[in-house]
Amino acid sequence: MAPTEAENPTSPTLTTVIGLEIHCELDTRTKMFCRCLNRFGDPPNTHTCPVCIGMPGALPVMNRQAVDMTIKAGLALNCQVPEFTKWDRKGYYYPDLPKNYQISQYDLPLAREGYLDVPLPGGRTSRIRVRRAHLEEDAGKNVHDLAAHTGVDLNRAGVPLLEIVSEPDIHSVEEVMGYSRSMRRLVRWLGISQANMQMGHMRFEPNISIWVGDGQRIFDESAGYFTPILEIKNLNSFRSLEKTVEWIIDYHRAQIIERGRDWSLEKVGKQNWGYRDDLECCEFQRGKEEAHDYRYFPDPDLAPVRVEAAWRDRIAAEIGELPIARKGRYLAQYQLSDKEADALTEDAPTGDLLDSAVKLGGPVRRVVNLMMGRMMAASNQKGSTLAQLGVSAEALAELAGMMEAGKLSASAADRVMEVLLAEGGKPLDIATRLGVLAVSDASAIEAWVDAAIAANAGPAEQVRTGDKKAKQAFGFLMGAVMKLSGGKAPPAAVKQLLEQKLSPK
Amino acid sequence: MASLRQLSALGLRKAIAAGEVSALEAAREYLGAIDELDGQLHCFNQVHRDRALERAGAIDRKRAAGEPLGPLGGLPLAIKDNICTAYGKTTCSSKILADFHSPYDATAVSRLEAAGAVVLGKTNLDEFAMGSSTENSGFAPTRNPWDVSRVPGGSSGGSAAAAAARLCAAALGSDTGGSIRQPASFCGVVGLKPTYGRVSRYGLVAYGSSLDQIGPIARNVGDAALLLSVIAGHDGSDSTSLDRPVPDYLAELDKPLKNLRVGLVSEFHSQSLWPEIRQAVDRCAEAFGAAGAAVTEVSLPHSRIDAGPDGILSSYAVACYYVVAMAEASSNLARYDGVHYGHRTAKPVKDIIELYCRSRAEGFGQEVKRRIMLGTYALSAGYYEAYYLKALKVRRLIKNDFDAAFAKCDVLLGPTTPETAFPLGAKTADPLTMYLSDVYTISANLAGLPGISVPAGLSRENLPIGVQLLSGAFNEPVLLRAARLLEVALGPAPAPPLAGSN
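Residues numbered from 1 in each chain as written. Chains lettered and ligands numbered in written order. Predicted model: local features only at pLDDT ≥ 70, side-chain atom pairs only at ≥ 80, totals over all residues. Heavy atoms only, no water.

A. Spotlight on the overall build of chain B. Helix and strand counts for chain B stand at 16 helices and 13 strands. For 502 residues, the compact-globule estimate of 2.2 N^0.38 gives 23 Å, and chain B sits close to it at 21 Å. Projecting the C-alpha coordinates of chain B onto the three principal axes gives extents of approximately 65 × 60 × 45 Å. Classification of the 502 residues of chain B by burial places 63% in the buried group. Long-range pairs, those at least 24 residues apart, make up 75% of the contacts in chain B between residues at least 6 apart in sequence. Both charge centroids of chain B, one from 49 positive and one from 50 negative side chains, sit 2 Å from each other. (Helix = DSSP H or I, 4+ residues; strand = E, 2+ residues; numbered from the N terminus. Rg over C-alpha atoms; globule rule 2.2 N^0.38 Å. Buried < 20%, exposed > 50% of the residue type's maximum accessible area, 1.4 Å probe, protein only. Contact = heavy atoms within 4.5 Å. Lys, Arg positive; Asp, Glu negative; His and termini not counted. Charge placed at Lys NZ, Arg CZ, Asp CG, Glu CD.)

B. Expanded view of the interface of chain A and chain B. Across the boundary between the two partners, chain A contributes 30 residues, which contact 38 residues of chain B. Counting each side, the surface lost to burial between chain A and chain B is near 2700 Å², with a carbon and sulfur contribution of 57%. Linking chain A to chain B there are one salt bridge. In this structure, R201 of chain B and D301 of chain A form a salt bridge, with 3.0 Å as the shortest nitrogen-oxygen distance. For the interface between chain A and chain B, the tally reads 18 residue pairs in polar contact (both at pLDDT 80 or more). Residue classes in the side of chain A that touches chain B are distributed as 21 nonpolar, three polar and six charged. (Buried area = accessible area lost by both parts, 1.4 Å probe. Salt bridge = Lys/Arg side-chain N within 4 Å of Asp/Glu carboxyl O. Polar contact = N/O pair within 3.5 Å; in protein donor to acceptor, adjacent residues only side chain to side chain. Nonpolar A, V, L, I, M, F, W, Y, C, P; charged D, E, K, R; others polar.)

C. Representation of the confidence of the model for chain B in the model. Looking at chain B as a whole, the pLDDT averages 94, with 98% of positions reaching at least 70. Scoring the predicted complex yields pTM 0.88 and, for the interface, ipTM 0.94. (pLDDT = per-residue confidence, 0-100.)

D. A look at the packing of helix 9 (residues 364-382) of chain A against helix 11 (residues 410-423) of chain A. Residues and elements named next belong to chain A. Two elements in contact, helix 9 and helix 11, have axes separated by 11 Å at closest approach and are oriented at 45°. Relative to helix 11, helix 9 is oriented oblique. Along this stretch, helix 9 crosses helix 11, giving a crossing that reads as right-handed. Along its contact with helix 9, which presents L370, R374, M375 and A378, the element helix 11 presents D414, M417, E418 and L421. In the contact of helix 9 with helix 11, the residues fall into five nonpolar, no polar and three charged. (Axes fitted to C-alpha atoms, helices over the stretch in contact; angles between N-to-C directions. Parallel < 35°, antiparallel > 145°, perpendicular 65-115°, else oblique. Left-handed = near helix turned anticlockwise from the far one by under 90°.)

E. Spatial organisation of the packing of aromatic side chains. All names here are of chain A. A complete count under the given rule lists 30 aromatic pairs over all chains for this structure. When the centroid spacing of 4.8 Å and the interplanar angle of 65° are considered together, the rings of W211 and F226 count as edge-to-face. Of the two residues, W211 sits in strand 10 (residues 202-213) while F226 sits in strand 11 (residues 224-226), which places them 15 residues apart along the sequence. Given a relative accessible area of 14%, F226 falls into the buried group. Both rings, one in W273 and one in F284, keep their centres 6.0 Å apart while their planes meet at 85°; by these two values the pair is edge-to-face. One end of the pair, W273, is in strand 13 (residues 270-276); the other, F284, is in strand 14 (residues 281-286), with eleven residues separating them in the sequence. With relative accessibility at 6%, the residue W273 sits in the buried group. A cation over an aromatic ring shows up here: K90 above the ring of Y294, its NZ or CZ 4.4 Å from the ring centre. (Phe/Tyr/Trp six-rings, centres within 6.5 Å; stacked < 30°, edge-to-face > 60°. Lys NZ or Arg CZ within 6 Å of the ring centre and 35° of its normal.)

F. Geometry of the sheet that holds strand 4 (residues 101-104) of chain A. Residues and elements named next belong to chain A. Across the sheet, three strands lie side by side as 4-3-15; this open sheet has antiparallel pairing. Taken across any chain shown, the strands that pair with only one partner, and hence form the sheet edges, are strand 4 and strand 15 (297-298). Bridge count for strand 3 (residues 88-91) against strand 15 is two bridges, and the pairing is antiparallel. Within strand 15, the residue paired with D88 across the bridge is P298. (Pairing = 2+ DSSP bridges.)

G. Local environment of the packing of helix 13 (residues 442-455) of chain A against helix 14 (residues 457-465) of chain A. All names here are of chain A. Their axes nearest at 5 Å, the elements helix 13 and helix 14 cross at an angle of 100°. Here helix 13 is positioned roughly perpendicular relative to helix 14, judged by the angle of their axes. Where helix 13 approaches helix 14, its residues I453, A454 and A455 are matched on the opposing element by A457, A460 and R464. A breakdown of the residues in the contact of helix 13 with helix 14 according to their chemical character gives five nonpolar, no polar and one charged.

H. Structural context of the sheet that holds strand 5 (residues 190-193) of chain B. Residues and elements named next belong to chain B. Here eleven strands make up an open sheet; going across it, the order is 1-3-2-4-6-5-12-13-11-7-8 and the pairing mixed. Since the sheet does not close on itself, it has two edges, and those belong to strand 1 (44-47) and strand 8 (294-298), each with one partner. Sheet twist, expressed as the average angle between the axes of neighbouring strands with direction ignored, equals 30°. Strand direction decides the pairing type here: strand 1 and strand 3 (residues 118-123), joined by three bridges, are antiparallel. Note that in strand 3 the partner of F44 across the bridge is T123. Against the sheet, helix 16 (residues 476-490) makes contact with strand 5, strand 11 (411-415), strand 12 (451-458) and strand 13 (464-471), and its axis sits at roughly 150° relative to strand 13, the strand it touches most.

I. Structural context of unusual backbone geometry. Here the amide bond leading from G154 of chain B into S155 of chain B is cis, since omega sits at 10°, within 30 degrees of zero. Inspection of the secondary structure assignment puts S155 of chain B in the loop between strand 3 and helix 6 (157-164). Despite not being glycine, E113 of chain A has its phi angle at roughly 60°, a positive value. Looking at the element boundaries, E113 of chain A is found in strand 5 (residues 111-119). Its relative accessible area of 48% is what places E113 of chain A among the partly exposed residues.

J. Broad picture of the environment of D342 of chain A. All names here are of chain A. When you line up the elements, D342 lands in helix 7 (residues 338-343). Residue classification places D342 among the partly exposed residues on the basis of a relative accessible area of 25%. Taking the C-alpha atoms as reference, D342 lies 9.8 Å from G328; in sequence the two are 14 residues apart.

K. Examining helix 10 (residues 316-332) of chain B more closely. Residues and elements named next belong to chain B. Here helix 10 contains 17 residues, and its C-alpha end-to-end distance of 24 Å stays within 8% of the 24 Å for a straight helix at 1.5 Å per residue. Across the 17 residues of helix 10, 15 count as buried, placing the element largely inside the fold. Between a side-chain oxygen at the N-terminus of helix 10 and the backbone nitrogen of A317 the separation is 3.0 Å; the capping residue is S315. (Expected span 1.5 Å × (residues − 1).)

L. Here's a closer look at the domain arrangement of chain A. Residues and elements named next belong to chain A. As far as domains go, chain A holds domain 1 (14-310), domain 2 (321-434) and domain 3 (442-501). On a C-alpha basis, the centroid separation for the pair domain 1 and domain 2 is 36 Å. Each side of the interface is counted separately: domain 1 has nine residues, and domain 2 has ten residues. Buried area between domain 1 and domain 2, summed over both chains or domains, comes out near 930 Å², and the portion from carbon and sulfur atoms is 64%. It is R185, R188 and W189 that lose the most area in domain 1 upon contact with domain 2, and together they represent 75% of the buried surface on that side. Across the contact surface, domain 1 and domain 2 share three salt bridges. Note that D342 is salt-bridged to R185, the shortest N-O span being 3.4 Å. At the boundary of domain 1 with domain 2, the tally comes to four residue pairs in polar contact (both at pLDDT 80 or more). Taken together, the elements giving at least two residues each to the side of domain 1 that touches domain 2 come down to strand 5 and helix 2 (173-189). Here the side of domain 1 that touches domain 2 takes five residues from helix 2, the largest share from any one element. (Domains from an automatic or database assignment.)

Here's what the structure looks like:
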């Protein structure tokens, strides 16, 4: 059951109870109900047509790709995908909603009753139930930074939007963040959303209440009561989500102390609050009296959707190994650290790159180090995933193999990777062209070793005598050999020769 | 050359194809008649004179070049002004769209023009197709060419009056509860509402989306069949249009009908029906019998019409229709808010809500406001089950009645309207009485079935009487052939005196 925290021995236990709605823009080619491109960042109102700007007489036609993606999300979230679903109109007036109704799904969503297992720090896992996942059209955007007017950009109007609604199973800031981050990983993994926060692909709406009473008996009215449910709309970053949840929990606690039972769901009802990014606080927007009546009814312009078993099965077959399972495998099979396993399961193609490189014979540790090192730095810089960098599994496996075989020093490998990232190619060709391939001629290596010992008599003596600085001196000599060889001496051979020549007398 | 306008659409098409008449001559002739008569009738909201002449000229050049003219080559047609055209305005006879220019053509309009039609202009209607007399037009009422003191019916009153007065060879209307058939009946022309899904609704400004259909209004059954053949068919832009083959309705028209089973709807044949209309229906039943059809009585219990002690009629179908249509309308018309297009208040406003309220208050007429309010109420939390959901259940029962009837019959016969054209102003004070004008036509929309109104003679007051035939879904070939049979039996429908006055 829910983790509870005792305030002090005399006051009742407070249990945070959070439900989260996540809106996620799907990465379809075209919009939900017309053929306009689904694209972010172009000049305002360049991806519009009579349908998505709500012209008189225009009619919607369903985008099947978006339905496929929603079914995929539903199945990955362990949901039921019913055979019969339909479209409904949700009525409300807002300038960025051209028809003044939104095509959505009311009582028969595409997916319902599933769950997501959320990994938490320390190896714990929380199962958060998913109430439903449905598909709808996004609204446009009001643009307030014009001189005398408010503008409306309708490029986003009609973009397919997946809404995932959790049960109120979330009990802490840590769980909210774990759940929302896991959800982002999942939709990226499934390839159904870019889930790019800067582009507004994901928005969060938490509703937050505190159960005052017996934490083992939440919802049992004889055992406690709920504070009002505060719902916060339209949070578009993990940071604002975290700040909001923290702020609202603190606010609830202060209200409980100040107003006691007057601050209860029964007396106050539900309220809508908004987050102020500039002030890092929340503000009251409206109470239950001003709640919208959306006047849902089935959209007569669209036929109900029948998801037959064959359709569902086809989508299920596309899903494959999910990120949590993949991460578990990386921990066990590849012996990765938690951090590495997380980073390499951020999206499916990145994990696939690792798996393919290993399958092609790349030594796991070397491949992982390459990916977590120079490649990770490059992906952070470009804002892309590791897989999008364009380094092939073949190149990765070859490069790791060359390091393992002593053909490349770490610094040489770094230089080869830089070329791979910039222009691609075969690691052996690049290393040859750069002249950084290790020299295998034993007499040449021995000459460099002898020269380094001769030029550094002091450190050599320290190694020979087993001085307390012997280890440091050995490293210094290794570096001197590498420097003399221009990085071409194979480190393993150098190490062996040095040890041999400087063995204690 | 008055005779040119006396030609049917089929006759004119033949004359143009044969080179006896040029498309330009035909267009000029009709435009001249509009100049002469439309000041009196107000069938047209706009006449696209230059464009019509240009298109007619293009047809003539095609003919000169020996190219095919298309099935409607050179026919001057009129389009109801709630069907979008990329030229001129699409106003829905509403002040809120008085200056609205659609960026695109409705699919039905594109199909007409691709078939060689010449569009003369856009015809008047009850605002947003809400009404039965065309008196709810936001501009001016249309008058009945048989008697200009009377209404032409509605909402496609402009199209029906224009077809009757020979101001076009034929016209498009739209029918949500009878808006093609009722004015066709009042004006003495043929009006066909196709099966729901037979004709694309793309570009028809929505009123009741689950009920609306575009259809032809023409002087005879053959002309209606010709137009239907052109506009019918699947459209990828309308999810509710059905992907079924389109028969050549015209070619099949004169095929003999063997073993036709005609059902006389007993609920529609009640004592409350005007005797003259009742007699017209009886004459049609006899004509079917004489042609070898089996005529039997059938029952549509949920389309029953009751007369209260005060003589006022009531009907499940009318009640059900007004809940469904108004609920859909309240949502469909939400977009007219003064933000993106259409009328926006010129008065200063303090916020967006006031902008919405003022723009809508100024732009919509009384009847539209009434329907938006009723529909909004019917969909509100706490009332949805009692109204909208209940209406959907009644709708299902009405459909079931038709299924049972069409297991026994091929077509159903009954009146189109409870009375003939009434004087302007006679019903404007009492919207409920006006709603009952659709009492016989509404069931077909609720059941999604095709229906046709055919002229069946004149009343003692010299006003047209229409009879209605209904058939099962997508059975338009039989429906049209049955209508054709009646037309042959009853003789050609007369033109109003006004149409022949030149």
